[in-house]
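Close look at the chain arrangement
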Amino acid sequence: MPVLLMLRGLLTWGGDYTVNEFVGVSLYTSQFKDVWNQYYAGTSLSYPLSDNVALIGGFNYYRAVDEGKKLLGSFDNNIWSGKTGVKFGVHTVTVGYQRSNGNDDFDYLRLSDSIFLDNSIQYSDFNSPKEQSLQLRYDLDMQAFGIPGLSFMTRYAKGWDADYSNANSVYMRRGADGAPLQDQKRWERDIEAKYIIQSGSLKDMSLRVRQATTRATDFESDLDEVRLIVEYPLQLL
């Protein structure tokens, strides 16, 4: 399904294609005027092994190159992530690996969390230069236990090797001694309960409570927070 999105200084074009009932492919390109040209390719996979067991997976790749007046400096960065997992009955377990290449943070516009990376989670994107990260996630659907619409999720992600030695002046981060930060690490743990209303005038509204804990070395702040997230779909056309 092709999509054309134009905002102030931003042009995005691309689409999604379903190869078959198991595989989907996405290709997008965007230009943020005088900042970057960005390219995205992604795949998704779900392959049933039996009535109750399915393999799932996916891959995401981005590249961003400076453009025009280079308002965020000169850069040529890329980042990718891949995940694999298994869904068995009401349980889903996935593992995701992500790697950021280039000398600068892999940046993006914060439009509804508009980056498709497996390790871009509640607080941490794990998108610092040279950073690698690994995530373990578990989901539980409570429908089989007589509570349709209720689900639980927990995940833990850890990043390492973030290195600002060669970052441009916009994205550079330095320590107290003035030297570029190197060998930076962080981790995040999220725990969530979500309920989707099943009937009535508020049908399909979702209520979500999520607790997040993050810890990091010099380049990020530690965080403990709880969010209440309410989503209600509106059909405009």
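Just so it is clear, the structure is predicted and the values come from calculations on it, not from any experiment.

What counts and what doesn't
- Residues numbered from 1 in each chain as written.
- Predicted model: local features only at pLDDT ≥ 70, side-chain atom pairs only at ≥ 80, totals over all residues.
- Heavy atoms only, no water.
- Patch = residues over 30% accessible without salt bridge, like charges linked within 9 Å, V, L, I, M, F, W, Y side chains within 5 Å.
- Areas by Shrake-Rupley, 256 points an atom, 1.4 Å probe, with all protein chains shown as cover.
- Salt bridge = Lys/Arg side-chain N within 4 Å of Asp/Glu carboxyl O.
- Helix = DSSP H or I, 4+ residues; strand = E, 2+ residues; numbered from the N terminus.
- Core = buried A, V, L, I, M, F, W, Y, C linked by side-chain atoms within 4.5 Å.
- Buried < 20%, exposed > 50% of the residue type's maximum accessible area, 1.4 Å probe, protein only.
- Contact = heavy atoms within 4.5 Å.
- Phe/Tyr/Trp six-rings, centres within 6.5 Å; stacked < 30°, edge-to-face > 60°.
- Lys NZ or Arg CZ within 6 Å of the ring centre and 35° of its normal.

A cluster of nonpolar side chains, contributed by Leu 207, Val 209, Val 226, Leu 228 and Val 230, occupies part of the molecular surface with about 470 Å² of accessible area. Tracing the backbone shows Val 230 in strand β12 (residues 223-231).

Let's shift gears to the nonpolar core. Listed in full, the eleven residues of the largest apolar core are Val 35, Trp 36, Tyr 40, Tyr 62, Ala 64, Phe 75, Ile 79, Phe 106, Tyr 108, Ile 115 and Leu 117. Sorting the residues of this core by element identifies β4 (36-48) and β5 (53-66) as the ones contributing at least two each. In this view, Tyr 62 contacts Gln 38, Tyr 39, Tyr 40, Asn 77, Asn 78, Ile 79, Phe 106, Ile 115, Phe 116 and Leu 117; residues no more than four positions away in its chain are not counted. Residues Tyr 164, Ala 167, Met 172 and Phe 219 belong to the second largest nonpolar core, which totals six residues.

Here Lys 185 lies in strand β10 (residues 184-196). With 59 residues separating them in the primary sequence, Lys 185 and Phe 126 have C-alpha atoms 9.6 Å apart. For Lys 185, the contacting residues outside a window of four places in its chain are Gly 159, Trp 160, Ala 216, Thr 217 and Phe 219.

With that settled, consider the packing of aromatic side chains. The full count for this structure, using the stated rule, is eight aromatic pairs. With a centroid separation of 4.6 Å and 45° between ring planes, the pair formed by Tyr 40 and Tyr 62 is classed as tilted. Placement of the pair is Tyr 40 in strand β4 and Tyr 62 in strand β5, with a sequence separation of 22 residues. Owing to a relative accessible area of 11%, Tyr 40 belongs among the buried residues under this scheme. Residues Tyr 40 and Phe 116 carry aromatic rings whose centres are separated by 6.1 Å and whose planes lie at 45° to one another, so their mutual orientation is tilted. With Tyr 40 in strand β4 and Phe 116 in the loop between β7 (91-101) and β8 (132-141), the pair connects residues that are 76 residues apart, well separated along the chain. The class for Phe 116 is exposed, based on a relative accessible area of 55%. Grouped by ring-pair contacts, the aromatic residues Tyr 40, Tyr 62, Phe 106 and Phe 116 constitute a single cluster. The ring of Phe 126 carries the charged tip of Arg 186 above its face, separated from the ring centre by 5.1 Å.

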